[in-house]
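Close look at the chain arrangement
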Amino acid sequence: MKGLRIKAPVLGCLLIPLLAAPLAAAPLILQGETLSYRIAPDTLAISVNKVPVSAGQPARQVDKLTQGEQEASWHWPAQDARVEVKLDGDDLLLTLVSDTPRQLAWYSLPKNQTHLSMAFGEGSRFSVRDSDWLGYVGDELAELNTHYDLKLPLWSQDAGKQTYSWILQTPYDNQLNFTRKGGRLQLSARHEFSSFNQQAPMVVRLSVGDDWLAGARRYREWLQAEGEWQSLADKFARIPAGRRLIGASHVYLWGDALLDRQDVKDWPGLQARLNQKPAWLQAFSGEEQEALAATAPEPWQQTLIMAGLNRLIASQLPLPAQQGPVSQSKVLALRQQWVRGQLGDLLVAQTRWGQGLSLPVIEALQQAGLHKLWLGTPQWTAALQQGYAVTAAQRLGYLVGSYDSYDTAILPGSNDSWLTAQIPPKIGKRCAIMEANGKPKPGFGGEGAYLNPGCTLPFAKSRMSELAKASGINSLFLDVDGTAMASNDYNPAHQQGSQAMIAARNARMAWVGERLRLVLGSEDGNALTSKPLMFAHGIQSWGFGWQDASMRKQAKSPYYLGKWWPDEAPQVFFQPARLKPRYLKTVFNPADRLPLYQAVFHDSVLNSHHWLLDNLKFPGIKEERALLGLLYNTPPLVNLSRSTLAIRLPQLVRLSDQFAPLHEALWDKALVGFRWRDGVGRVQETRFSDGSRLVANFSNSSIMLDGQKLPGKHLLVALKGKPVTLLTM
């Protein structure tokens, strides 16, 4: 049946009633400036210039159908849902409304579309018939919510030519479902109307473009028009210390114990004094006591001795886990006083004590020529007890940030080393998110309970203020808030849906900048939580294989990532690892990557790797990851400790030397273009808003490009107004 093409009169936008009683409806045609949309009201199947872009859903009865020149609307009586389609230039806006709770399916991928592009992290483009992607997306991911699992609330599809992008202007309460059928990935979408959002319409924008980044650029335009996008330049104008991020590599400094083995200047004297105190030796394990008995302890034995000694120090003056940073800083000062009195003559000067965040490490960074760094501490105790190091680092121009989080509350005494989860029990009980079954939502790792961010805001403000004052940090990494993780909360005291919960996360992050004036970062930097953030970790290399026992539990597996031990350099962060072929393809293969996130936020949020997946974690692809970071102009991230300086610091220096000058030139430029230069994705080009270009050759072979020879594993740098140069990995 041919579509009904209705032209409105010259005056107004008269809506013409087409159907008064429920029956199958003929397709409608809306003619945009250059595009023609054909929409089936009963199935919601949609075509653009005769190309199917959504196969829709099984047919539904239709009534109350009206159409004008630029829009049409109708009703699905069985679903108690209203549908509107409307042109916005050459875009099509689709709106669904329901007055009753229900899940409403509205989209399915048509068979003619061969590739999908999505931001599980930075961005990926993959064939719907690729076996690795079928396993990763079809089996592991299977069902995604669009406000958290996708870092941008959109997906694009193509068949090698035009790109069709579905931009969710209502990013909440949507589910994407992946299934396999006949060796092909199937994708469908549905929206849930509930008591939390019943009055809110679901709005999606269909936009058509000529390249793979078209949808991301269109989303950026929409965010800017809505006032939901902010440039780094504007953020730095508010908090000038943020400019220290320009050209800065990101480093986590591990080890928060008071003493390092290199702080001992008299090992025989230390061994003798410890052995004179039988009560002290009770804090040492059998292996540590054996090391203590060695005539001339080797470095590995010294490390064991120091583990026992630091445990002894902590047992003499236990940290008040429930009392917050100010009280804890006083106890840490008393520990230092106790060590000076008992062992001071056997140690170097107190100003030089420490493991990760310590004066010797800061001096090593400076001497290596590293002028711009963000330094993070996984535990705030390091910042509280290392005032000399914090001051020295900031004088050198570094940012020093501590980790904090307010997402999980655990019971007192259940895990006192998890300081951020030490929420006062009354607050933990009152603010726990309640699931539909009336039970608290289990917290991270199944411990305690997840907390409503709005409910905990007063406590969070108080503790963050304490931390900033007691430590002197000039940055803060507020975990989880930047992920846009949210769920419906059925707790009668703070009942709310995911949209309100994400708004509360944004309010908490905004407060950090507005009141504490700290350079704020968080996990992921999701599009919905990007506005308060200057930086984030987790987009360039995102978490994967969370349920894979060979990666997480089986220590003898070649893919094992490592134990959460030792404290000063946990294996899971520092131990080199191999990648399973599936993840090598889906997460790290340059030809499967796409700078979707950078196309939206390159000049708004600086983004790097998840801290579990730093630049050095997978030696087999270290060069490719460094090259990809340069191509996207995103900062490297390295885990570092005092004991690993000799091995890791030279690699950090190399990464920083390559990244810093490029970022100083491009940090405030939009990433506006991306293309393959070889047809297979081994040679890729990014283009920025000032005309600068970066071209990466991920292969091992040279290629002639625009009259220039580009060797394998090299980056061609063509910055505006400067000669073309080459960087080698």
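Not measured: the values here are computed from a predicted model. (Residues numbered from 1 in each chain as written. Predicted model: local features only at pLDDT ≥ 70, side-chain atom pairs only at ≥ 80, totals over all residues. Heavy atoms only, no water.)

1. Topic: the overall build of the chain
Applicable threshold: Only runs of H or I of at least four residues qualify as helices and only runs of E of at least two qualify as strands under DSSP, and these elements are numbered from the N terminus. For this measure, only C-alpha atoms enter the radius of gyration; the expected value for a globule follows 2.2 Å times N^0.38, where N is the number of residues. Each residue is assigned to one of three classes by its accessible area relative to the maximum for its type, calculated with a 1.4 Å probe on protein chains only: buried under 20%, partly exposed between the two thresholds, exposed over 50%. Throughout, a residue-residue contact means that at least one pair of heavy atoms, one from each residue, lies within 4.5 Å. With residues, only the protein chains shown are counted as cover, and all accessible areas are computed by Shrake-Rupley using a 1.4 Å probe. In this tally, Asp and Glu contribute negative charge and Lys and Arg positive charge; neither His nor the terminal groups of the chain are included. By convention, the charge on Lys lies at NZ, on Arg at CZ, on Asp at CG and on Glu at CD.
Counting its regular elements, the chain contains 20 helices and 35 strands. Relative to the 2.2 N^0.38 estimate, which gives 27 Å for 729 residues, the radius of gyration of the chain is 28 Å and therefore close to what a compact globule would have. Taken over the C-alpha atoms alone, the chain extends approximately 95 × 70 × 50 Å along its principal axes. For the chain, the proportion of its 729 residues judged to be buried stands at 60%. Long-range pairs, those at least 24 residues apart, make up 67% of the contacts in the chain with a sequence separation of at least 6. Accessible surface computed for the chain: about 28,500 Å², of which carbon and sulfur atoms make up 53%. Each charge class in the chain was averaged separately, 76 positive and 64 negative side chains, and the resulting centres sit 1 Å apart.

2. Quick look at the packing of helix 4 (residues 267-275) against helix 7 (residues 299-316)
Inclusion rule: The axes used here are C-alpha line fits, helices contributing only the stretch in contact, and every angle between their N-to-C directions lies in the interval 0 to 180 degrees. Relative orientations are named as follows: roughly parallel for angles under 35 degrees, roughly antiparallel for angles over 145 degrees, roughly perpendicular for angles from 65 to 115 degrees, and oblique for any other angle. With the far helix as reference, a near helix turned anticlockwise by less than a right angle produces a left-handed crossing, and one turned clockwise produces a right-handed crossing.
As a packed pair, helix 4 and helix 7 sit with axes 13 Å apart at the nearest point and diverge in direction by 45°. Taken together, the axes of helix 4 and helix 7 are oblique relative to one another. For the pair helix 4 and helix 7, the crossing hand works out as left-handed. Where helix 4 approaches helix 7, its residues Trp267, Leu270 and Leu274 are matched on the opposing element by Gln302, Ile305, Met306, Leu309 and Leu312.

3. A look at the packing of aromatic side chains
Basically, it comes down to this: Any two rings among Phe, Tyr and Trp, with Trp reduced to its six-membered ring, count as a pair given centres within 6.5 Å; such a pair is stacked if its planes are under 30 degrees apart, edge-to-face if over 60, and tilted if neither. In this scheme, the term charge over a ring applies when either NZ of a lysine or CZ of an arginine sits within 6 Å of the ring centre and within 35 degrees of the ring normal.
In the structure shown here, the tally under the stated rule is 34 aromatic pairs. An angle of 35° between the planes, with centres 5.5 Å apart, marks the rings of Trp254 and Trp611 as tilted. Of the two residues, Trp254 sits in strand 19 (residues 249-254) while Trp611 sits in the loop between strand 27 (606-608) and helix 19 (622-632), which places them 357 residues apart along the sequence. In terms of burial, Trp254 and Trp611 fall into one category: buried. Among the aromatic residues, those joined into a ring-pair cluster are Tyr252, Trp254, Trp374, Tyr403, Phe477, Phe535, Trp564, Phe573 and Trp611. Over the ring of Trp76 we find Arg60, and its NZ or CZ is 4.4 Å from the ring centre. The lysine or arginine in question, Lys277, covers the ring of Trp280, its NZ or CZ lying 5.1 Å from the ring centre.

4. So, the state of the cysteines
Formally: Pairs of cysteine sulfur atoms within 2.5 Å are identified as disulfides in what follows.
Summed over all chains, the structure comprises one disulfide. Across the disulfide, Cys431 is cross-linked to Cys455 (sulfur-sulfur distance 2.0 Å). Since a negative S-S torsion denotes a left-handed disulfide, the Cys431-Cys455 link at about -70° is left-handed. A residue pair is termed long-range when its members are at least 10 positions apart, and Cys431 in helix 12 (residues 425-431) and Cys455 in the loop between strand 23 (449-450) and helix 13 (457-471) qualify at 24 residues. Pair check on accessibility: Cys431 and Cys455 agree, each one buried.

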